[in-house]
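# Notes for the structure review
Chain residues, written in single-letter form:
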Amino acid sequence: GSGKSVALNTLLYGAIKLYTPNQLKLFLVDPKEVELADFEGAEHLGGEIGSTPSEAIDLLESAVEEMHFRYKMFREQKKTVGKVAKDIREYNLRADENLPRWLLVLDEYADLVSDKEDKHTIEQLIQRLCQKARAAGIHVILATQKPLVNILSSAIKANLPAILALKVKNSTDSKVLMDEPGAEALAGKGDALFKDGAGRVARLQCAAMDSD
């Protein structure tokens, strides 16, 4: 009843309505195989929707490779226009062919990191992406119904630029997500706290959008 699934789907519907498939590619991992099923066959989808930790690892490894490839392209733009591109926006302004942004979504994150070895690998890859990939146009969303300290490690949280907390069970879960209580007192159904990269917290009501 917190509204997590609706909020996540609304973010994705909004993204594919605002951006063309040439501007944005979605890469989705859905362990339950039902939460993100509506996006099967979408023009923006960059491949089949994954569901296993190994598929999540493959996707993250591909994203890391793409990140390095893009930074190489940014440097090589100096040969054609005389200036190195600092980010994807600057690159696309000068390039003959547009580089699409990538949006990676790992839903039910707790299910993907239940195995210790998988967790270690996934965390390392996410850290590499969160540290460097935004300028390259590669973005990551982690979604979970279990905000536990052994799932959302401090290393992962430190590299997330923003956090959206919907209603949680207790103040302990809120502290794991937000480093402070408050999310346990939300009303549910999309009532949320948003924490930006500067540590500012705002209360908001998530929108609801359908696929029509």
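Structure first, text after, so check above.
All values derive from a computational prediction rather than experimental measurement. (Residues numbered from 1 in each chain as written. Predicted model: local features only at pLDDT ≥ 70, side-chain atom pairs only at ≥ 80, totals over all residues. Heavy atoms only, no water.)

### Considerations on the layout of surface pockets
Operational definition: Grid spacing is 1 Å over the protein atoms alone, the probe is 1.4 Å, and a cavity is where that probe fits but cannot get out, while a pocket is an open set with protein on both sides within 12 Å along at least five of seven lines and lining residues have an atom within 4 Å of a point. Grid points are joined across faces, edges and corners, and a volume is the space filled by probe spheres set on the points. Per the convention used, a helix needs a DSSP run of H or I reaching at least four residues, while a strand needs a run of E reaching at least two, with both numbered from the N terminus. Polarity classes work like this: nonpolar for Ala, Val, Leu, Ile, Met, Phe, Trp, Tyr, Cys and Pro, charged for Asp, Glu, Lys and Arg, and polar for all others, with Gly in that last group.
Considering only enclosed or pocket space, the largest pocket measures out at about 1,300 Å³ in volume. Considering the residues around the largest pocket, the lining is formed by 44 residues, among which L11, I141, L142, A143 and L164 are closest to the centre. Elements that contribute at least two residues to the lining of the largest pocket include exactly α1 (4–18), β2 (101–106), α5 (116–132), β3 (138–142), β4 (163–165) and α7 (171–178). In terms of residues, the lining of the largest pocket owes the most to one element, α1, which gives six residues. Split into classes, the residues belonging to the lining of the largest pocket amount to 28 nonpolar, eight polar and eight charged.

### Focus: the sheet that holds strand β5 (residues 191–195)
Note: strands within a sheet are paired through backbone hydrogen bonds, in either parallel or antiparallel orientation. Condition: What makes two strands pair is DSSP finding at least two bridges between them. In this analysis an axis means a line fitted to C-alpha atoms, helices contributing only their contacting stretch, and an angle means the value between N-to-C directions, from 0 to 180 degrees.
Reading across from one edge, β4-β5-β6 is the order of the three strands in this open sheet, with antiparallel pairing throughout. In this open sheet, the two strands that pair with only one neighbour each are β4 and β6 (201–205). Averaged over all neighbouring strand pairs, the angle between strand axes comes to 25 degrees, with direction disregarded. Sheet topology note: the β5/β6 ladder contains five bridges and is antiparallel.

### Looking at a nonpolar patch on the surface
To keep things clear, this is the line we draw: Residues forming no salt bridge and having over 30% relative accessible area are the ones grouped into patches, like charges within 9 Å of each other and nonpolar side chains (Val, Leu, Ile, Met, Phe, Trp, Tyr) within 5 Å. Here, Shrake-Rupley sampling with a 1.4 Å probe gives the accessible areas, and only protein chains in the shown set may cover a residue. Definition used for salt bridges: Asp or Glu carboxyl oxygen within 4 Å of a side-chain nitrogen of Lys or Arg. Summary of the burial criterion: residues with accessible area below 20% of their type's maximum are buried, those above 50% are exposed, and those between are partly exposed, where the area comes from a 1.4 Å probe applied to protein chains only.
Judged by side-chain polarity, L164, F194 and L204 come together as a nonpolar surface patch covering roughly 210 Å² of accessible area. As for its position among the elements, L164 is in strand β4. Judged by relative accessible area, L164 falls into the partly exposed class, the value being 34%.

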